[in-house]
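# Understanding the architecture of this molecule
Residues per chain, in single letters:
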Amino acid sequence: MKKIQVLFIALSIAVVATSCYHGKHTTIVTNDGHNSTRIEYAGRIVFNDDNTGINSMAPNSYFKYKHNNEKLTAECDKNGHIVYELNDDNQTTALNEDGRRLLAEAVEQIAKAQRRK
């Protein structure tokens, strides 16, 4: 009986730990020998109509993009603002030109992957 209780507690903790992000978790990885790309996102993220950026994110959502040595992350803070981080630099709510370019590349790749489904 004790083992069943311990197992139940362990499973309950696992369920709670993995349910932080509401919605689907998606990872897209490509590598053609010259270029390596990894896109990972979870939660509810609304991309803009022209597939160049993020309109909104639900709390606890996240978006990660890495292309070769460039990295971009986006998360929704507790106040509902999208916070970006480009190449492990300072966090910001407004992207510079390089950040906008990376985000547009990532969102376009996601749109292409969705069209293939």
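Our subject is the structure listed above.
Residues numbered from 1 in each chain as written. Predicted model: local features only at pLDDT ≥ 70, side-chain atom pairs only at ≥ 80, totals over all residues. Heavy atoms only, no water.

Turning our attention to the side chain of Glu 40. Locating Glu 40 in the fold gives a position in strand E2 (residues 36-42). Among the polar contacts made by the side chain of Glu 40, one reaches the side chain of Tyr 62 at a distance of 2.9 Å. Apart from the residues within four sequence positions on either side, Glu 40 is in contact with His 25, Thr 26, Thr 27, Tyr 62, Phe 63 and Lys 64. (Helix = DSSP H or I, 4+ residues; strand = E, 2+ residues; numbered from the N terminus. Polar contact = N/O pair within 3.5 Å; in protein donor to acceptor, adjacent residues only side chain to side chain. Contact = heavy atoms within 4.5 Å.)

The terminal C-alpha atoms of helix H2 (residues 97-116) lie 29 Å apart, and with 20 residues this matches the ideal 28 Å at 1.5 Å per residue to within 8%. For H2, the full list of buried residues reads Gly 99, Leu 102, Leu 103, Ala 104, Ala 106, Val 107, Ile 110, Ala 111 and Ala 113. Where H2 begins, the capping side chain belongs to Asn 96, and its oxygen is found 3.1 Å from the backbone nitrogen of Asp 98. (Expected span 1.5 Å × (residues − 1). Buried < 20%, exposed > 50% of the residue type's maximum accessible area, 1.4 Å probe, protein only.)

You will see that Asn 60, though not glycine, has its phi angle at about 70°, which is positive. Within the element layout of this structure, Asn 60 appears in the loop between strand E4 (54-57) and strand E5 (62-67). A positive phi angle, close to 50°, is found at Asn 87, a residue other than glycine. Counting through the fold element by element, Asn 87 comes out in the loop between strand E7 (82-86) and strand E8 (91-92). Using a relative accessible area of 37% as the deciding quantity, one classes Asn 87 as partly exposed.

Right, let's get into the sheet that holds E5. As a general point, the strands of a sheet are linked pairwise by backbone hydrogen bonds and lie either parallel or antiparallel. With antiparallel pairing, six strands are arranged side by side in an open sheet as E1-E2-E5-E6-E7-E8. Whereas interior strands pair on both sides, the edge strands pair on one side only; in this sheet they are strand E1 (25-31) and E8. By the bridge criterion, two bridges tie E7 to E8 in an arrangement that is antiparallel. By the bridge assignment for E8, Tyr 84 is matched with Thr 92. Packed onto the sheet, H2 meets E1, E2, E5, strand E6 (70-76) and E7 and runs at close to 100° relative to E5. (Pairing = 2+ DSSP bridges. Axes fitted to C-alpha atoms, helices over the stretch in contact; angles between N-to-C directions.)

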